[in-house]
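What follows is each chain in one-letter form.
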Amino acid sequence: MNTPDQSPLTSHESPSYSPLGYPTNLLAPGQTYETVNKTIAEIPLSHAPMSWRFGFFVAFLLLMMFLVAITWLFAKGVGIWGVNIPVAWGFAIVNFVWWVGIAHAGTFISAILLLLFQHWRTAINRFTEAMTLFAVACAGLMPLLHLGRPWVFYWLFPYPDTMGVWPQFRSPLVWDVFAVGTYFTISLLFWYLGLVPDLATVRDRARKLWQKKVYGFFALGWRNSASHWQRHQVAYLLLAGLATPLVLSVHSVVSFDFSVAIVPGWHSTIFPPYFVAGAIYSGFAMSLNIVIPVRKIYHLEHLITERYLNNMANIMLATGMIVAYGYFIEAFMAWYSGDIFERYMMMNRAFGPYGWVFWTLMLFNVLVPQALWSARIRRNTVALFIVALFINAGMWIERFVIVITSLNRDFTPSAWHMFSPTRWDWMTLFGSVGLFLTLQFLFIRLVPMISISETRELVAEREKATIK
Amino acid sequence: MKPEKQIPITDHRSPITRANSSDEFAPGASEWPAGLSRREFLRLSGATLALAGLGACTKQPLEKIVPYVEQPEVVIPGKPLRFATATQFNGFGQGLLVTGYEGRPTKIEGNPTHPASLGATSVWAQADILDLYDPDRAQTVTTGGGIKTLDDFWNALNLALESVKSAAGATLRILTEAISSPTLLAQLADVMQKFPAARWCIWDPLNRDNLNANEGLCDFSKAKVVVALDSDFLYTHPYALRYARDFSNARRTIDAGGARMNRFYAAEPTPTITGSNADHRVAVSAQDILSLTQIIASNLGIGTRPTGEVDNKDWVEAVVRDLNANRGAGVIIAGETQPPEVHALVSQINMKLGNNGVTISPVPPLALPANRIGFRKLVDEMRGGTVELLIVLGGNPRYDAPADFDFAAASEKVKLRVHHSVYFNETSRHSHWHIPALHFLESWSDTRAFDGSVSIVQPLIEPMYAGTSAHEILEALTGQSPRTSYEIVHTRWQTENPVPDFEAKWRRALSDGIVRELAAPSFPNHGESPALAASVSPPAEVQRTEVRRSRLELLFRPDVSVRDGRYANNGWLQELPRQFSKLVWDNAALISPQLAKREELENGAIVDLTFRDRTIQAPVWIQPGQAENSVTMPLGYGREVAGRVGRNVGFNAYALRTADAFWSGDGLTIRKNGARHSFVSTQQHHDVHGPRGILHDGTFEEFVSNPHFAQEKENHPSIGETLYNPKEYPYKGYKWGMVVDLNVCIGCHACTIACQAENNIPVVGKQQVAVHREMHWIRVDTYYSGAADDPEFTHQPVPCMHCENAPCELVCPVGATVHDDEGLNLQVYNRCVGTRYCSNNCPYKVRRFNFLEYNNGLSPTEKLVKNPDVTVRSRGVMEKCTYCIQRINAARINAELEKRTIGDGDIVPACAQVCPVEAIVFGNMNDTRSRVAQLKRSPLNYWMLGELNTRPRTSYFAKLRNRNAALVRSD
């Protein structure tokens, strides 16, 4: 890969911070090809640490709860949730938007940063791509669970029906099917393509026959030849190019679910950029929430250096500011439009019965992230973890505010009603977290969680620089 | 398969074999062959039959079908038939037309030729059909909890009658509800004749005894000024449907051609449908109505001395001035809840103003058999132990008798108690025998309307359970050989009308639903006039003391849904939002906002109500428009022995009701006890929240000076302002539309329940309504404006708007909601996957979703009430008003068969059909002469939320109020 001249990889000197206080190291000193191979590839090949087992157990329990919730849902119908008329969309849609948002960091890191030659993606792109896949899986389940008749979900797909009936293409929900479907497909391919050389490394290091066979099967006969690398890199770049617009389009399309509707609080042109920023915001927050503990448990500090965390925090701060601006503009436009419905919506959002949720959102998403201005906080993994948790919760609350407080009081006052979630709503939310975490734990256990080949590139870069 | 091989007749030269062998159309083949003997003919036919049998060798489904042994006349499977019959309301008849499919009644409508209906029905008549199929109805004769046959009962009754006979019936008492059936009354007269010492009694907890001889028949169509004093003549009055029609016609400014509108004043202690339609309404405590009436009377020059002061001087002055200015064109009417003094005064006022004979005519008196006693006397006799056989025909006195009568203890002294009723209720449980009564759709009878017109009640279905009718029981008392209700009713009429063409006239009466050419059965031994009714006692002297004002007043009112409790087990009525509070599945002690503030009460707070030394606990509901110190207790709840639907719903207000405070009484104390009750209300916001374009209203003067005042408040994008081709959908054929006239809509909710009956809308229960999942396709919103203690009310029925630019259609991902070429917004249940996006995007929120399977667990009888022309929706699909598309299609089929277009009035949606005031008009907007097209051209016509450019097909008429300039508030 091409490398810009002013590569910061060369810094050996011990205070590895820039004059502004940014950590500059992408790789701890003393890393060789073999240490990299060993650190990463040995994780799937050896026994899982106790902390993994415990974490997996908890996640699996949540997943089982999810199963119970879904089973009962399919048996009885969506009436077990708190949804009603007028609030016909409840937690399922909130969760959907939230998970899709979380799914954004992966592709953003992998594709956009790759195209922009940002080297601080190397140690985290695999994680975040996996996270993307799992988050999209959780997100994709939600609309299905949300349906009144989930057994006919496939009517949203344009399949050749003998009756000649097609989906109704003017509906944003159909666009969602395409947007999320495409996103999932591209993300999966991109993730797998990046994995192939690493799977070959694991295959080569495997000591048991079955491990060799399984990893060998998925390594697709990778032999590390120059022509393999040449084709791999071309395909990887092409996919990155394909994935880049998707980062912007997926959440724009999801935001159309709202902005195409005429509901006050939904019908707004600011939604696409504001949703995309929010998505990246929550995606990075979730990445930090995953990366920080994993880095600690598997002692990967020398590979996932402070610089990664710092940069991620910076991105969160930037996107967080965009989101805050979105909140402000929404309120301003409600007033400036002079529209009675918009104005009432804004007043209701802030001072109505769900006002406390709105102010919690402001606290979580606008106020707390301001801590990230401080380099000390950004370098403190515990503090960073907590801020990221706030942002994740805040982004979920944001979707709650958008979906529920807009619906509960729209045009016709006689129909206004409150929404209150039932235990099944909460079980679905936390159950989906269980699904996500279970998949994430399995990923950590079974697949090289950091790109071995790209980390080796970092070593190579450094060696090259040293020789110079 | 060659027939020659199988049939041993090939050698014969029969036409068949020849045709098979050579020429199919051989010359002369069609001629009957000469020489074909009888024997050969039979063999041939036998072969034909055998072949036909072979050809029909497909496997038939294993299903037993029972064909009609005799094809009934006029029954075509799948085609509904309509029969005229009548129901009873408060003892008075209301003409009905009942629709039935293959002998299964499914829908009740009003009979257009009946004067008390004119085609409309009340919510109760609509809901009667559900009672018919209620699985909780009494199904067998029971005694002491054991099941018996009807014959067992007849034997027991005859045995009891043996001892009764010896004393000329001195120990026999018969207790009935308010009845007006000529045949039943004549039978009763016979019983009284046979047992001269026997007595009978009428007990109706909602009786009209206060009116006595002062009952008048009002003609609101001629009244320019109407004054209602605690009268709910638009809703609970036995003639309410007719009154509402006449009243609304006098308000219909546009139709009248030239501006004309009546002016309506109301004074009442608690908001009623009637009062909510007043141009000037004052909230006055029930006991102040007398003073108010006296002041009006004395101002009109009637020599009365007002016994009290009232605060509403301006209102009284305005009333007096308007009444004086419209002599002979006014109506002043007081409710049955007011004491006889008020009615006497009201009569005098009407006479003084020359209204009698013009707007008010006497009600034809109802003759009642002799030997009638008051209810108090009956209970005293029972307590005294002189009653040995008590036959209770209908009603539920054990539950609804005045609390101070202690009916329960008194009835324990009666040796043999027989109760005859449709439901097994509190009284049945404490009777020795309970005999299931037949529903009026199962048995023959007759009834008499408020105005004296008589209808024959004819059944539409065979009795479903082992019951009998009151006619048969009375017949058994007179000791005649048992006859069916039909024979009893028919014979009575025939005997009364010995005319040669009786049968033809009888049939005409049946088909018309009203008897015009025959005289009703009569009897010689009349008792006193209804004036003696005095069911309870002469009303206690009204105690008026100076301290009274500081004391609270308690009002007992029939519930707007379950009335006196008889409809407690009716799910449709329990789930019908009460007109103002929109509460469902509950009653509440209604209190004024001022009282709530004073006592620090909020909705749902449970209070101890102490009245006449009795205390009950009841949750309160704050009702704007309630008189400050009046607490309203809706009767009919807290039933202990009802079906599964009605048991233990709400609290029993009868527990506080005494004879001296029958409708109201002062001296109530109210104490907060800290507990709370969770109410469920379908409308929680009664404020329109600014100029949202939902309601437009104005004054009559405003309208006269600027007829377009309402439309000028509108802000529509013009039809051309679109990126699309505005002429893309021209709607060349039919173009369906609807107008809802808010100006005449009284807010009775009949449309809601008619729609429920027509469109198979399920009852979802209190828990589901609590999470806002009620399924009504047309709801009635009530908005308050003005001060909370003196608000004005506006009712707005909201069905689907069938928008031309429907927001719901755009967002459905599977195209389950689409537009047709006649402008209907269709919902395709089969295609719906249940994303509920359409409901979110509907600004009117008229869509309803099957969150759960609401049609599960229906008993076989409950399934019978479903309209076969309408899909029963399953879980997970959206539904909404279809403009009764099944009726549109029925009319289309008829029109196509007759090779014509659908005419105006051929299609009447259920909501429009039931509407007593004809506020809902449906039709083809492309037909410029149709009523709907004419109405749409009116300057009052406006679109709800028209600003959103949805271009709704349902539009509204702005509400007008005919203000008296002298009373217009400075604000």
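No experiment lies behind these values; they were computed from the predicted model shown.

Quick look at the overall build of chain A now. Summing up its helical and strand segments, chain A has 16 helices and zero strands in all. Here chain A has a C-alpha radius of gyration of 23 Å; the compact-globule value for 468 residues is 23 Å, and the two agree. The principal-axis extents of the C-alpha atoms in chain A amount to approximately 75 × 55 × 40 Å. Looking at the 468 residues of chain A, the share that counts as buried comes to 51%. In chain A, once contacts between residues fewer than 6 apart in sequence are set aside, the share between residues at least 24 apart is 81%.

Broken down by element type, chain B carries 30 helices and 37 strands. Relative to the globule expectation of 30 Å for 971 residues, the C-alpha radius of gyration of chain B, 32 Å, shows essentially globular dimensions. Once the C-alpha set of chain B is aligned to its principal axes, its extents read approximately 120 × 90 × 55 Å. A buried classification covers 54% of the 971 residues belonging to chain B. For chain B, long-range pairs separated by at least 24 residues make up 73% of all intrachain contacts whose partners lie at least 6 apart in sequence.

On to the domain arrangement of chain B. Residue and element names in this part refer to chain B. We note that the domain assignment places domain 1 (3-52), domain 2 (141-208 + 367-533), domain 3 (216-362), domain 4 (552-676) and domain 5 (697-961) within chain B. Here domain 2 and domain 4 have C-alpha centroids that lie 32 Å from each other. Taken together, the elements giving at least two residues each to the side of domain 2 that touches domain 4 come down to α13 (397-400) and α15 (426-429). A breakdown of the residues in the side of domain 2 that touches domain 4 according to their chemical character gives eight nonpolar, two polar and five charged.

Let us now look at the sheet that holds strand β27 (residues 736-741) of chain B. All names here are of chain B. Pairing is mixed across the open sheet formed by four strands, whose spatial order is β34-β27-β36-β35. Edge positions in the sheet fall to β34 (920-924) and β35 (941-942), since each of these pairs with one other strand and no more. Pairing analysis gives five bridges linking β27 to β34, with the strands arranged antiparallel. Paired with Val-739 across the bridge in β34 is Val-921.

Working note: regular strand, side chains alternate between the two faces of the sheet. All names here are of chain B. For strand β2 (residues 92-101), the buried fraction is high: seven of the ten residues fall into the buried class. As paired elements, strand β1 (residues 81-89) and β2 share nine bridges and run antiparallel to each other. What sits directly across from Gln-88, in β2, is Gly-93. In this structure, the hairpin formed by β1 and β2 is closed by a connection of two residues, where Asn-90 is found at a positive phi of approximately 60°. Here six bridges tie β2 to strand β3 (residues 104-110), and the two strands are oriented antiparallel to one another. Across the sheet, residue Gly-100 finds its bridge partner in β3, namely Pro-105. Counting the residues in the hairpin turn of β2 and β3 gives two residues, including Glu-102, whose phi is positive at 45°.

With respect to the element layout, Arg692(B) can be found in the loop between β25 (664-676) and β26 (697-699). Arg692(B) sits 258 residues away from Thr950(B) along the chain, and the two C-alpha atoms are 14 Å apart. Filtering out sequence-adjacent residues up to four positions away, Arg692(B) remains in contact with Ile340(A) and Phe411(A).

Another point: the pairing of strand β6 (residues 172-176) of chain B. All names here are of chain B. For β6, a buried count of five out of five residues is recorded, marking the element as mostly surrounded by other parts of the structure. By the alternation rule, side chains of β6 split into Leu-172, Ile-174 and Thr-176 and Arg-173 and Leu-175, which are all buried. Bridging between β6 and strand β15 (residues 389-393) involves five bridges; their strand directions are parallel. The partner of Ile-174 across the bridge, within β15, is Ile-391. One ladder, built from four bridges, connects β6 with strand β7 (residues 199-202); its direction is parallel.

So, about the interface of chain B and chain A. With 44 residues of chain B at the contact, the number on the chain A side is 40 residues. The dominant element in the side of chain B that touches chain A, judged by the number of residues it contributes, is helix α26 (residues 837-841) of chain B, at four residues. Tallied by class, residues from the side of chain B that touches chain A come to 20 nonpolar, 14 polar and ten charged.

Moving on: the sheet that holds β3(B). Residues and elements named next belong to chain B. The strand order across the open sheet built from three strands is β1-β2-β3, with neighbouring strands paired in antiparallel fashion. Pairing within the sheet leaves two strands with one partner each, and these edge strands are β1 and β3. This sheet shows a mean twist of 35° between the axes of neighbouring strands, independent of strand direction.

Residue and element names in this part refer to chain A. The terminal C-alpha atoms of helix α2 (residues 50-76), which comprises 27 residues, lie 39 Å apart, in line with the 39 Å expected from a rise of 1.5 Å per residue. Every buried residue belonging to α2 is among Gly-55, Ala-59, Leu-62, Phe-66, Ala-69, Ile-70 and Leu-73, and all of these are buried. Buried residues along α2 sit against α5 (125-146) and α15 (423-446). Once α2 ends, the next one or two residues include Gly-77, with phi positive near 115°.

Quick look at the packing of helix α4 (residues 104-115) of chain A against helix α9 (residues 271-297) of chain A now. Residues and elements named next belong to chain A. Where α4 meets α9, the axes come as close as 7 Å, and the angle between the chain directions of the two elements is 90°. Taken together, the axes of α4 and α9 are roughly perpendicular relative to one another. Of α9, the residues touching α4 (which contributes His-104, Ala-105, Gly-106 and Phe-108) are Ala-279, Ile-280, Gly-283, Phe-284, Met-286 and Ser-287. Among the residues making up the contact of α4 with α9, the classes are represented as six nonpolar, four polar and no charged.

Looking now at the environment of Ile295(B). All names here are of chain B. When you line up the elements, Ile-295 lands in helix α9 (residues 288-299). On the basis of neighbour counts, which here come to 22 C-beta atoms within 10 Å, the residue Ile-295 falls in the buried class. Contacts of Ile-295, omitting those with residues within four sequence positions, involve Pro-306, Val-310 and Val-316.

Going from Ile85(A) to Pro86(A), the amide bond is cis rather than trans, its omega being 20°. The residue Pro86(A) is located in the loop between α2 and α3 (91-102) in this model. Its identity as a non-glycine residue notwithstanding, Trp585(B) has a phi of 55°, on the positive side. Assignment of secondary structure puts Trp585(B) in the loop between α19 (571-574) and β21 (589-591). Unlike most non-glycine residues, Asp613(B) shows phi in positive territory, near 65°.

All names here are of chain A. It is the contact of α2 with α15, at a shortest axis distance of 7 Å, that shows an interaxial angle of 140°. In this view, α2 runs oblique relative to α15, as classed from their interaxial angle. As α2 runs across α15, the sense of the crossing is left-handed. When the residues that make up the contact of α2 with α15 are grouped by side-chain class, the tally is 19 nonpolar, six polar and one charged.

Residue and element names in this part refer to chain B. Buried residues dominate helix α16 (residues 470-477), accounting for eight of its eight residues. Along α16, the positions that sit buried rather than exposed are Ala-470, His-471, Glu-472, Ile-473, Leu-474, Glu-475, Ala-476 and Leu-477. Taken together, the buried residues of α16 touch α5 (150-166), α6 (182-194), β15, β16 (416-421), β18 (445-448) and α17 (485-496). Backbone geometry just after α16 places Gly-479 at a positive phi near 75°.

Residue and element names in this part refer to chain B. When the pLDDT values of chain B are averaged, the result is 87; 91% of them are 70 or greater. Contacts of residues 1-22 to residues separated by more than four positions or lying in other chains number 20 contacts, the stretch itself having pLDDT below 50. Throughout residues 529-550 the model reports pLDDT below 50, and contacts reaching past four residues in sequence, or to other chains, amount to 35 contacts. Scoring of the predicted complex yields 0.88 for pTM and 0.91 for ipTM.

All right, on to the confidence of the model for chain A then. For chain A, the mean per-residue pLDDT works out to 89, and 95% of the residues sit at or above 70. The model gives residues 1-15 of chain A a pLDDT under 50, and that stretch makes 18 contacts with residues more than four places away or in other chains.

Reading guide: rules and limits
- Residues numbered from 1 in each chain as written.
- Chains lettered and ligands numbered in written order.
- Predicted model: local features only at pLDDT ≥ 70, side-chain atom pairs only at ≥ 80, totals over all residues.
- Helix = DSSP H or I, 4+ residues; strand = E, 2+ residues; numbered from the N terminus.
- Rg over C-alpha atoms; globule rule 2.2 N^0.38 Å.
- Buried ≥ 20, exposed ≤ 12 C-beta atoms within 10 Å, placed from the backbone.
- Contact = placed C-beta atoms within 7 Å.
- Domains from an automatic or database assignment.
- Nonpolar A, V, L, I, M, F, W, Y, C, P; charged D, E, K, R; others polar.
- Pairing = 2+ DSSP bridges.
- Axes fitted to C-alpha atoms, helices over the stretch in contact; angles between N-to-C directions.
- Expected span 1.5 Å × (residues − 1).
- Parallel < 35°, antiparallel > 145°, perpendicular 65-115°, else oblique.
- Left-handed = near helix turned anticlockwise from the far one by under 90°.
- pLDDT = per-residue confidence, 0-100.

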